[in-house]
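What follows is each chain in one-letter form.
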Amino acid sequence: LPPDSSHPFGYGKSGYFYTLVSTVSIYTTFTIYNLYYGVQSLFEDGYSFDPWVLFWIIAVSFILKSYSLWLSYYRFNFTTRGAKASFLSRMNSSSDLVTVAVMSQDTIALITLLVSGIGLYLAVSFDSYLLINLAAIIIAIMTGILGVYLVLQTQNFLGLMPLPRLKLLVTRLK
């Protein structure tokens, strides 16, 4: 049904709206925190954490996120079965934005866990606190880019006016 005064985004689009709210809040907070932590920590000496505890946290998180990604990938392939387009084309044109958002978030989470693990390993191996800080800055940049991508995807489904400059920037980054 089309939008009306009581449902300005139309009917059945609440999932898209909540995905937009979730994306903006989570990725803005995460990106700002990681940038702040990474830059602030560049000027400090020493570790303020037990590396082994962090290795275990990263490992358990990686296992759980992998399972979540597998479930969302299975659901996505089930809902788009029979389509002849490539996986990325199906993702970009899918109307199941909630599943696409979960897959995107889980994928970036796995990549950030890998970057965190590698940064932590290198920091401990070379006794260089700088490496874990650089990993935090790289993670902040990656999550910021994903946040912009998800906002643009959600914006299309809600029928909001696109942000031409932001969309051009994301297109150039692809």
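Details of the structure are given in the entry above.
Reference entry: report on the structure contained in this document. (Residues numbered from 1 in each chain as written. Predicted model: local features only at pLDDT ≥ 70, side-chain atom pairs only at ≥ 80, totals over all residues. Heavy atoms only, no water.)

### What about a nonpolar patch on the surface?
To keep things clear, this is the line we draw: Any residue with relative accessible area above 30% and no salt bridge may belong to a patch, with like charges joined within 9 Å and the nonpolar Val, Leu, Ile, Met, Phe, Trp and Tyr side chains within 5 Å. Here, Shrake-Rupley sampling with a 1.4 Å probe gives the accessible areas, and only protein chains in the shown set may cover a residue. Only one rule defines a salt bridge in this text: a Lys or Arg side-chain nitrogen within 4 Å of an Asp or Glu carboxyl oxygen. Only DSSP runs of H or I with at least four residues qualify as helices, and only runs of E with at least two residues qualify as strands; both kinds are numbered from the N terminus onward. The rule is simple: take the accessible area with a 1.4 Å probe, protein chains only, and divide by the maximum for that residue type; under 20% is buried, over 50% is exposed, in between is partly exposed.
A contiguous nonpolar surface patch, about 470 Å² in accessible area, is contributed by V39, L42, F43, L130 and L134. Checked against the element boundaries, L130 lands in helix α5 (residues 129–158). On the basis of relative accessible area, L130 is assigned to the partly exposed category, the value being 43%.

### A word on helix α2 (residues 51–79)
Just so we agree on the cut-off: For a helix, the expected span equals 1.5 Å multiplied by the residue count minus one. Note on definitions: a residue-residue contact is assigned when non-hydrogen atoms from the two residues lie within 4.5 Å.
Here α2 spans 41 Å end to end across 29 residues, near enough to the 42 Å set by a 1.5 Å rise per residue. Of all the residues in α2, the buried ones are P51, I58, S72 and F76. The secondary structure elements touched by the buried residues of α2 are α3 (87–93) and α4 (97–125).

### With respect to the packing of aromatic side chains
Just so we agree on the cut-off: Each Phe, Tyr or Trp ring, with Trp reduced to its six-membered ring, pairs with another whose centre is within 6.5 Å; inter-plane angles below 30 degrees give stacked pairs, above 60 give edge-to-face pairs, and intermediate values give tilted ones.
The final tally for this structure, using the stated rule, is five aromatic pairs. Aromatic pair Y67 and W70: ring centres 6.2 Å apart, planes at 25°, arrangement stacked. Here the residue Y67 and the residue W70 both occupy positions in helix α2, the gap between them amounting to three residues, near one helical turn. An angle of 80° between the planes, with centres 5.5 Å apart, marks the rings of F76 and F87 as edge-to-face. Placement of the pair is F76 in helix α2 and F87 in helix α3, with a sequence separation of eleven residues.

### Here we look at the pattern of salt bridges
A full pass over the atoms with the stated rule returns one salt bridge. The residue D106 makes a salt bridge to K65 at a minimum N-O spacing of 2.9 Å. In this pair, D106 sits in helix α4 while K65 sits in helix α2, placing the two residues 41 residues apart along the sequence. A relative accessible area of 2% places D106 in the buried class.

### Digging into the packing of α2 against α4
How we decide: Geometry is summarised by axes, namely lines fitted to C-alpha atoms with helices restricted to the contacting stretch, and by angles between N-to-C directions that run from 0 to 180 degrees. Roughly parallel here means an angle under 35 degrees, roughly antiparallel means over 145, roughly perpendicular means 65 to 115, and every remaining angle is called oblique. A crossing counts as left-handed when the near helix is turned anticlockwise from the far one by less than a right angle, and as right-handed when that turn is clockwise. Three residue categories are used. Nonpolar comprises Ala, Val, Leu, Ile, Met, Phe, Trp, Tyr, Cys and Pro, charged comprises Asp, Glu, Lys and Arg, and polar comprises the others, including Gly.
Interaxial distance between α2 and α4 falls to 9 Å at its minimum, and their mutual angle equals 155°. Accordingly, the angle class assigned to the pair α2 and α4 is roughly antiparallel. Handedness of the crossing formed by α2 with α4: left-handed. Looking at the contact of α2 with α4, its residues break down into 18 nonpolar, eight polar and three charged.

### Notes on the nonpolar core
Put simply, the rule reads: Definition of nonpolar core: a set of buried residues of the types Ala, Val, Leu, Ile, Met, Phe, Trp, Tyr and Cys, connected through side-chain atoms within 4.5 Å.
Y27, A101, I108, V115, A135, I139, M142, L146, Y149 and L150 together form the largest nonpolar core, which totals ten residues. The set of elements that each furnish at least two residues to this core consists of α4 and α5. Broken down by element, the residue count for this core peaks at six residues, all from α5. The next biggest cluster of nonpolar side chains, apart from the first, holds six residues, and it includes I58, L113, L120 and A123.

Worth remembering: the numbers are spatial, not functional.
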